[in-house]
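# Architecture and fold: a report
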Amino acid sequence: MKTKTYAGIPEKYAKLEQSKIVLIPVPYDGTSTWLKGADKGPEAFLKASENMELYDIETNSEVYKEGVFLADAINENRSPEKMVEAVHQITKSFIKKNKFVTIFGGEHSISIGTIRAFNEAFDNLTVLHIDAHADLRKSYEGSTCNHACAVYEASQITNLIQVGIRSMDVHEKTVMDYDKTYFAHEMAFDSTWMDSAIEQMTENVFITFDLDALDPSLLPSTGTPEPGGLFWYETLDFLKQVFKEKNVVGFDIVELCPNENDKSSDFLAAKLYYKMLSYKFKNEVNNEVYEDFKRLNNSKKYYE
């Protein structure tokens, strides 16, 4: 029986020992408060990934050849606290193996565990939080591990920078650092926000990307869609700069809530994940692919 691999890549690129990248699915949806289904997000993301071209035009690379190990899904769902601890420990175990660790949720409460793991592993960590919602409640509905609390702990123990925010509770104002928060309504009329956000980052950056940061016209399949979000090339431009100028140590993507009638959201999530990997490893894979291009085209027009 053929082993299931990320994006259907050949098994030689999917073994843990040879892979630089680890992908951990976390199909958890225990605390979401409106649309349910984020627990189906990882499965929909993986299925869409199997139908994605693995050559990235922009970076002239095939990043999957760096090796992507698809870890067993974290299925702990007895309580939000137990789930967070399982994510924390398993994520940290792969970081210790010197892998570039990525996580796909699931709702945003999983990020409490991922951020905790990366903060323990890397000094002076910046958490770049891209989201429609502030997620700064200390506790919600009786738990500190609710999706509404996703980055409260990060606000206390890391350098938290928030981008795309356009929905929050009034009490979150007491926790929020306004100098490091980029509100969507201000970003729309400020051409300097990307440079400003990057200047505030330390060298080591962990990215937590809630898909509802994107405008719902692009990605409607999320649990709490908010109007006025980020657009595709704007998002990629920002991410590309972050990966270029900082040491991105890992990332998670959360809150895909698949809809049987909307496969475009699943595919966007798959493409976004692959783009982020491509930006991370661009310089390492370009030389090999460039040589392939020269052999195939007998031309030097690419990446001279």
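The structure we're discussing is the one just above.
Read on for a plain summary of the structure. All values reported here derive from a predicted model rather than from experimental measurement. Every residue gets a number counted from 1 within its own chain, in the order that chain's sequence is written. Per-residue local features of the predicted model are confined to residues with pLDDT of at least 70, and side-chain atom pairs are confined, for both listing and counting, to 80 or more; whole-chain, interface and lining totals are unaffected and use all residues. Side-chain measures were taken over the full set of non-hydrogen atoms in the model, leaving aside hydrogen atoms and water.

## Digging into the overall build of the chain
What counts, and what does not: Strands are runs of DSSP state E lasting at least 2 residues, helices are runs of H or I lasting at least 4, and numbering of each runs from the N terminus. We compute the radius of gyration over the C-alpha atoms and compare it with the globule rule, which gives 2.2 Å times the number of residues raised to the power 0.38. Only protein chains enter the area calculation, which uses a 1.4 Å probe; residues under 20% of their type maximum are buried, those over 50% are exposed, and those in between are partly exposed. Every residue pair with non-hydrogen atoms within 4.5 Å of one another is taken to be in contact. Surface exposure here means Shrake-Rupley accessible area, sampled with a 1.4 Å probe, where a residue is shielded only by the protein chains that are shown.
Scanning the chain from terminus to terminus reveals eight helices and eight strands. Here the C-alpha atoms of the chain give a radius of gyration of 19 Å, agreeing with the 19 Å that 2.2 N^0.38 yields for 304 residues. Taking the principal axes of the C-alpha coordinates as reference, the chain spans close to 60 × 50 × 40 Å. Considering the chain as a whole, with its 304 residues, one finds that 57% of them fall into the buried category. Put simply, of all contacts in the chain between residues at least 6 apart along the chain, 77% involve residues at least 24 apart. Split by element, the accessible area of the chain, about 13,800 Å² in all, is 48% carbon and sulfur.

## Considering the pairing of strand β8 (residues 247–254)
Just so we agree on the cut-off: DSSP-based pairing: two strands are paired if at least 2 bridges between them are found. Look down the strands so they point away from you; if going from the first strand over the helix to the second traces a clockwise path, that crossover is right-handed.
In terms of residue burial, β8 counts as a mostly covered element, since seven of its eight residues are buried. As paired strands, strand β3 (residues 100–105) and β8 are joined by four bridges and run parallel to one another. In the strand pairing of β8, Phe-104 is matched with Ile-253. With respect to chirality, the unit in which strand β7 (residues 204–210) leads through helix α7 (residues 232–245) into the neighbouring parallel β8 is right-handed.

## Side note on the side chain of Ser-109
Basically, it comes down to this: By the criterion applied in these results, polar contacts are pairs of N or O atoms within 3.5 Å in which, for protein atoms, one can donate a hydrogen and the other can accept it, and in which residues neighboring in sequence qualify only through two side-chain atoms.
Inspection of the secondary structure puts Ser-109 in the loop between β3 and α3 (110–121). Among the polar contacts made by the side chain of Ser-109, one reaches the side chain of Glu-107 at a distance of 2.4 Å. For Ser-109, the contacting residues outside a window of four places in its chain are Tyr-28, Thr-31, Met-83, Val-84, Cys-145, Asn-146 and His-147.

## Quick look at the environment of Lys-180
With respect to the element layout, Lys-180 can be found in the loop between β5 (159–165) and β6 (181–183). Residues Lys-180 and Ala-197, spaced 17 residues apart in sequence, show a C-alpha to C-alpha distance of 7.2 Å. For Lys-180, the contacting residues outside a window of four places in its chain are Asn-159, Leu-160, Ile-161, Gln-162 and Gln-200.

## Description of the sheet that holds β3
Which entries qualify depends on this criterion: In this analysis, axes come from line fits to C-alpha atoms, helices being fitted only over the stretch in contact, and the angle between any two N-to-C directions falls in the range 0 to 180 degrees.
Spatially, the eight strands line up as an open sheet ordered β2-β1-β3-β8-β7-β4-β5-β6, and their pairing is parallel. The open sheet has two edge strands, β2 (68–70) and β6, and neither has a second partner. Averaged over neighbouring strand pairs, the angle between their axes works out to 15° when direction is ignored. Here strand β4 (residues 125–130) pairs with β7 via six bridges, running parallel. Paired with Leu-125 across the strands is Asn-204, a residue of β7. Running at roughly 160° to β7, α7 makes contact with β4, β5, β7 and β8 of the sheet.

## Considerations on unusual backbone geometry
With an omega of 20°, the peptide bond between Gly-105 and Gly-106 qualifies as cis. As for its position among the elements, Gly-106 is in the loop between β3 and α3. Unlike most non-glycine residues, Asn-124 shows phi in positive territory, near 50°. Locating Asn-124 in the fold gives a position in the loop between α3 and β4. Residue class for Asn-124 comes out exposed when judged on its relative accessible area of 58%. Even without being glycine, Glu-255 reaches a positive phi, approximately 75°.

## Focus: the packing of helix α2 (residues 80–95) against α3
Let me state the cut-off plainly: Whether a crossing is left-handed or right-handed is set by the direction in which the near helix is turned from the far one by less than a right angle, anticlockwise for left-handed and clockwise for right-handed. When residue character is reported, Ala, Val, Leu, Ile, Met, Phe, Trp, Tyr, Cys and Pro are called nonpolar, Asp, Glu, Lys and Arg charged, and the others, Gly included, polar.
α3 packs onto α2 with a crossing angle of 35° between their chain directions and a minimal axis gap of 7 Å. In the crossing of α2 with α3, the sense of the turn from one axis to the other is right-handed. Together, Met-83, Val-84, Glu-85, Val-87, His-88, Thr-91, Lys-92 and Ile-95 of α2 and Ile-110, Ile-112, Gly-113, Thr-114, Arg-116, Ala-117, Phe-118, Glu-120 and Ala-121 of α3 make up the contact between the two elements. Class assignment of the residues belonging to the contact of α2 with α3 gives a composition of nine nonpolar, four polar and four charged.

## Notes on the pattern of salt bridges
We apply this condition: Here, a salt bridge means any side-chain nitrogen of Lys or Arg that lies within 4 Å of a carboxyl oxygen of Asp or Glu.
In total, this model carries 13 salt bridges according to the counting rule given. The residue Glu-50 makes a salt bridge to Lys-4 at a minimum N-O spacing of 3.1 Å. Residue Glu-50 is located in the loop between α1 (41–49) and β2, and its partner Lys-4 is located in the segment before β1 (21–26); the two are separated by 46 residues in the primary sequence. When the shortest N-O distance is used, the salt bridge between Arg-137 and Glu-172 registers 3.8 Å. Pair noted here: Arg-137 is in the loop between β4 and α4 (152–157) and Glu-172 is in the loop between β5 and β6, with a separation of 35 residues, a long-range link. Take Glu-172: its relative accessible area is 3%, and that puts it in the buried class. Each of Asp-56, Glu-58, Lys-240 and Lys-275 takes part in one network of salt bridges that share partners.

## Comments concerning the pairing of β3
Most of β3 is tucked away, with six of its six residues classed as buried. With burial as the criterion, each face of β3 is covered, one bearing Phe-100, Thr-102 and Phe-104 and the other bearing Val-101, Ile-103 and Gly-105. In terms of strand pairing, β1 meets β3 through six bridges, oriented parallel. The partner of Val-22 across the bridge, within β3, is Val-101.

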